[in-house]
Amino acid sequence: QVQLVESGGGLVQPGGSLRLSCAASGVILSIGTMGWYRQAPGKQRDLVATITSGGSTNYADSVKGRFTISRDNAKKTVYLQMNSLKPEDTAVYYCNVHQGLGQYWGQGTQVTVSS
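Quick look at the structure, then. (Residues numbered from 1 in each chain as written. Predicted model: local features only at pLDDT ≥ 70, side-chain atom pairs only at ≥ 80, totals over all residues. Heavy atoms only, no water.)

## Overview of the environment of Ser56
In this structure, Ser56 sits in the loop between strand E5 (46–51) and strand E6 (57–59). Look at Ser56 and you get partly exposed, because its relative accessible area is 47%. For Ser56 and Pro41, which are 15 residues apart along the polypeptide, the C-alpha to C-alpha distance reads 30 Å. If we skip the residues at most four places from it in the chain, Ser56 touches Thr50 and Ile51. (Helix = DSSP H or I, 4+ residues; strand = E, 2+ residues; numbered from the N terminus. Buried < 20%, exposed > 50% of the residue type's maximum accessible area, 1.4 Å probe, protein only. Contact = heavy atoms within 4.5 Å.)

## A closer look at the nonpolar core
Soluble globular proteins: nonpolar side chains tend toward being buried together. Ranked by size, the top nonpolar core spans 30 residues in total, and within it Trp36, Leu80, Met82 and Tyr93 carry the most contacts. Those residues within four positions of Leu80 in sequence are excluded, and the remaining contacts are Leu18, Arg19, Leu20, Trp36, Val48, Ala49, Phe67, Thr68, Ile69 and Tyr93. (Core = buried A, V, L, I, M, F, W, Y, C linked by side-chain atoms within 4.5 Å.)

## Things to note about unusual backbone geometry
One non-glycine residue, Lys76, lies in positive phi territory at about 55°. Tracing the backbone shows Lys76 in the loop between strand E7 (67–72) and strand E8 (77–82). In this structure Lys76 comes out as partly exposed when scored by relative accessible area, which is 32%. One non-glycine residue with positive phi stands out, namely Ser84, at about 50°. Among the structural elements, Ser84 can be located in the loop between E8 and strand E9 (91–99). For Ser84, a relative accessible area of 40% translates into the label partly exposed.

## Things to note about the pairing of E8
The element E8 is extensively covered by neighbouring structure, given that five of its six residues are classed as buried. Here strand E3 (residues 18–25) pairs with E8 via six bridges, running antiparallel. Counterpart to Ser21 in the pairing with E8 is Tyr79. Of the pairings in the sheet, the one linking E7 to E8 comprises six bridges and is antiparallel in character. Along E8, the bridge assignment pairs Ile69 with Leu80. (Pairing = 2+ DSSP bridges.)

## Overview of the pattern of salt bridges
Between side chains of opposite charge, pairing is possible as soon as their charged atoms come close. Evaluated as defined, the whole model comprises three salt bridges. A salt bridge links Arg66 to Asp89; the nearest nitrogen and oxygen atoms lie 2.8 Å apart. One end of the pair, Arg66, is in the loop between E6 and E7; the other, Asp89, is in the loop between E8 and E9, with 23 residues separating them in the sequence. One exposure class covers both Arg66 and Asp89, and it is buried. Salt bridges sharing common partners tie together Arg38, Arg66 and Asp89. (Salt bridge = Lys/Arg side-chain N within 4 Å of Asp/Glu carboxyl O.)

## Examining the packing of aromatic side chains
All told, the structure shown has one aromatic pair when counted by the stated rule. An angle of 65° between the planes, with centres 5.0 Å apart, marks the rings of Tyr37 and Trp105 as edge-to-face. With Tyr37 in strand E4 (residues 31–39) and Trp105 in strand E10 (residues 102–105), the pair connects residues that are 68 residues apart, well separated along the chain. Taking relative accessible area as the criterion, Trp105 reaches 37% and is therefore assigned partly exposed. Over the ring of Tyr79 we find Arg19; its NZ or CZ atom is 4.0 Å from the centre of that ring. The side chain of Arg45 reaches across the aromatic face of Trp105, ending 4.8 Å from its centre. (Phe/Tyr/Trp six-rings, centres within 6.5 Å; stacked < 30°, edge-to-face > 60°. Lys NZ or Arg CZ within 6 Å of the ring centre and 35° of its normal.)

Shown next, in the form of structure tokens:
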């Protein structure tokens, strides 16, 4: 069974930085595209960033230039470096991976940007 464990969330002031991590375990087949999504209270879940197995990245317009997605294939981990954080970034962040024929989600980690 594939499991994703997220870490790195917390409370940060506007303009601050956080680094999220998501580690996959129980992986038998190779991991494909990995990504991050977020959901604020009362809003739908939106894509933040994705990265393919070949390293190609894609970002939501709202985070371009501020967030960076990366992956460590040896550690089976995907990261999200978040800089210049805004109150609008406050949400629960979920990692997502494509593995074999399936798609899996992390448990979510809270990111709160507030003074």
